[in-house]
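# Inside the fold
What follows is each chain in one-letter form.
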Amino acid sequence: MADESVAEAIRRARPEECDDVARLLAAAFASDPVMSWLLRRDERQDSARALMFRTLLRYFGFPGGEVWLDTGHRAASLWVPPARSDLKLPWWQELALFPAIIRAVSVTGLKRMDAFRAAVGRHHPKAPHWYLMTLGVDPAMQGKGLGGAMLRATLAEVDRQHMPAYLESSSPRNVPLYERFGFVTQAVFNPPPDGPPLWAMWREARIASA
Ligand SMILES: CC(C)(COP(=O)(O)OP(=O)(O)OC[C@H]1O[C@@H](n2cnc3c(N)ncnc32)[C@H](O)[C@@H]1OP(=O)(O)O)[C@@H](O)C(=O)NCCC(=O)NCCS
């Protein structure tokens, strides 16, 4: 487990740290099955991964969302608040992010991206909630309690607002971690035609302990 000093060092990221957070998340997700399936399948996949996270951070994190980082830049998370938990972007933002999407998935990947967004959208809860869009730990630091510390710190904020929370886990290995924090699997689904499984997980609202 991470010690208390690690947990205390978790804070909101600043907009100027966007690129650092994107690089950290790209490294954390280097072997993530869903990202690897979704992104372009050539020698530019690594830079596409960083671009995808930069894009998500810019459209859902800064401003309006909650991006959290530990002071050592080893763990980061992006939470989308209840007011935006339907994940809908105004049309002009959809249009503005399209070039980045094409670069990240390539033209041939656009069908996969559509299928992914549709499958994720079908399972996305309608009720307002905090959405954990992404959570990642530096590969060299995984398994040392940082991911848990990040969840503990950010869920304390969620609980202060007495709101439910939702996430999709892209790996079965993460499911027990999320269960330890009260998430329950609602469904397991595969984006068509051949996407890897995603675990849709929901956590009921709680009242924060004093
Ligand atoms: C998932 C992740 C955020 C967990 O953070 P962490 O600091 O490694 O995890 P902690 O040390 O706090 O907790 C350990 C638990 O995390 C889970 N876990 C997932 N991937 C792990 C990994 N690579 N190494 C160690 N534990 C991992 C296990 O359930 C583990 O519990 P166990 O030791 O009983 O098996 C981190 O491993 C990571 O960034 N993985 C790659 C990206 C990813 O999958 N992100 C989440 C997408 S839903």
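Up top is the structure.
Everything in this summary refers to the structure shown in the same document. All figures in this text were calculated on a predicted structure; none of them were measured in a lab.

## Structural notes on the overall build of the protein chain
Within the protein chain one finds eight helices and seven strands. Relative to the 2.2 N^0.38 estimate, which gives 17 Å for 210 residues, the radius of gyration of the protein chain is 16 Å and therefore close to what a compact globule would have. With respect to the three principal axes, the spread of C-alpha positions in the protein chain is 50 × 35 × 35 Å. Residues counted as buried form 52% of the 210 residues belonging to the protein chain. Contacts spanning at least 24 positions in sequence make up 73% of the contacts within the protein chain whose residues lie at least 6 apart. In the structure as shown, the protein chain presents an accessible area of about 10,600 Å², 56% of it carried by carbon and sulfur atoms. Treating the 26 positive side-chain charges of the protein chain as one cloud and the 23 negative ones as another, the clouds have centres 4 Å apart.

## Structural notes on the pattern of salt bridges
Per the stated rule, a full pass over the model turns up 13 salt bridges. Between R14 and E17 there is a salt bridge, with the nearest N and O atoms lying 3.3 Å from each other. Look at E17 and you get buried, because its relative accessible area is 6%. As a salt-bridge pair, R49 and D46 come within 2.9 Å of each other at their nearest N and O atoms.

## A word on the nonpolar core
Core analysis: the biggest nonpolar cluster contains 46 residues, and V21, M52, L57, F60 and F116 have the highest contact counts within it. If one sorts the elements of this core by residue count, helix α4 (residues 45-61) sits on top with eight residues. Within the second largest apolar cluster, 23 residues are counted, among which are W79, A149, L151 and F183.

## Comments concerning the site of the ligand
Taken together, 20 residues lie around the ligand, and G143, G145, G147, G148 and N174 are the ones closest in. L135 is positioned with one of its backbone polar atoms (N or O) 2.9 Å from a nitrogen atom of the ligand. One of the side-chain nitrogen or oxygen atoms of N174 is found 3.0 Å away from an oxygen atom of the ligand. For the ligand, the protein covers 77% of the area, taking 840 Å² as the surface of the free molecule. Mapped onto the shell around the ligand, the elements with two or more residues apiece are β4 (130-137), α7 (146-160), β5 (165-169) and α8 (175-180). The residue inventory of the shell around the ligand, partitioned by class, reads seven nonpolar, nine polar and four charged.

## Brief notes about unusual backbone geometry
Between P192 and P193 the backbone carries a cis peptide bond, its omega angle lying at 0 degrees. Counting through the fold element by element, P193 comes out in the loop between β6 (184-189) and β7 (198-203). Notably, H73 is not glycine yet its phi reads approximately 55 degrees, a positive angle. If you trace the backbone, H73 turns up in the loop between β2 (66-70) and β3 (75-80). With phi around 50 degrees, H162 is a residue other than glycine that occupies positive phi space. In this structure, H162 sits in the loop between α7 and β5.

## Some points on the packing of helix α5 (residues 91-105) against helix α6 (residues 110-123)
Where α5 contacts α6, the axes come no closer than 10 Å and their chain directions differ by 120 degrees. One way to sum up the angle between α5 and α6 is to call them oblique. Together, E94, F98, I101, I102 and V105 of α5 and L110, R112, M113 and R117 of α6 make up the contact between the two elements. A class-by-class count of the residues in the contact of α5 with α6 yields six nonpolar, no polar and three charged.

## A word on the packing of aromatic side chains
This model, assessed by the stated rule, comprises four aromatic pairs. Judged by centre distance (5.2 Å) and plane angle (50 degrees), the rings of F29 and F53 are tilted. Taken together, the residues span a long stretch of sequence, with F29 in the loop between α2 (18-28) and α3 (33-38) and F53 in helix α4 at a distance of 24 residues. Residues F29 and F53 agree in their burial class; the two are buried.

Calculation rules
- Residues numbered from 1 in each chain as written.
- Predicted model: local features only at pLDDT ≥ 70, side-chain atom pairs only at ≥ 80, totals over all residues.
- Heavy atoms only, no water.
- Helix = DSSP H or I, 4+ residues; strand = E, 2+ residues; numbered from the N terminus.
- Rg over C-alpha atoms; globule rule 2.2 N^0.38 Å.
- Buried < 20%, exposed > 50% of the residue type's maximum accessible area, 1.4 Å probe, protein only.
- Contact = heavy atoms within 4.5 Å.
- Areas by Shrake-Rupley, 256 points an atom, 1.4 Å probe, with all protein chains shown as cover.
- Lys, Arg positive; Asp, Glu negative; His and termini not counted.
- Charge placed at Lys NZ, Arg CZ, Asp CG, Glu CD.
- Salt bridge = Lys/Arg side-chain N within 4 Å of Asp/Glu carboxyl O.
- Core = buried A, V, L, I, M, F, W, Y, C linked by side-chain atoms within 4.5 Å.
- Near = heavy atom within 4 Å.
- Polar contact = N/O pair within 3.5 Å; in protein donor to acceptor, adjacent residues only side chain to side chain.
- Nonpolar A, V, L, I, M, F, W, Y, C, P; charged D, E, K, R; others polar.
- Axes fitted to C-alpha atoms, helices over the stretch in contact; angles between N-to-C directions.
- Parallel < 35°, antiparallel > 145°, perpendicular 65-115°, else oblique.
- Phe/Tyr/Trp six-rings, centres within 6.5 Å; stacked < 30°, edge-to-face > 60°.

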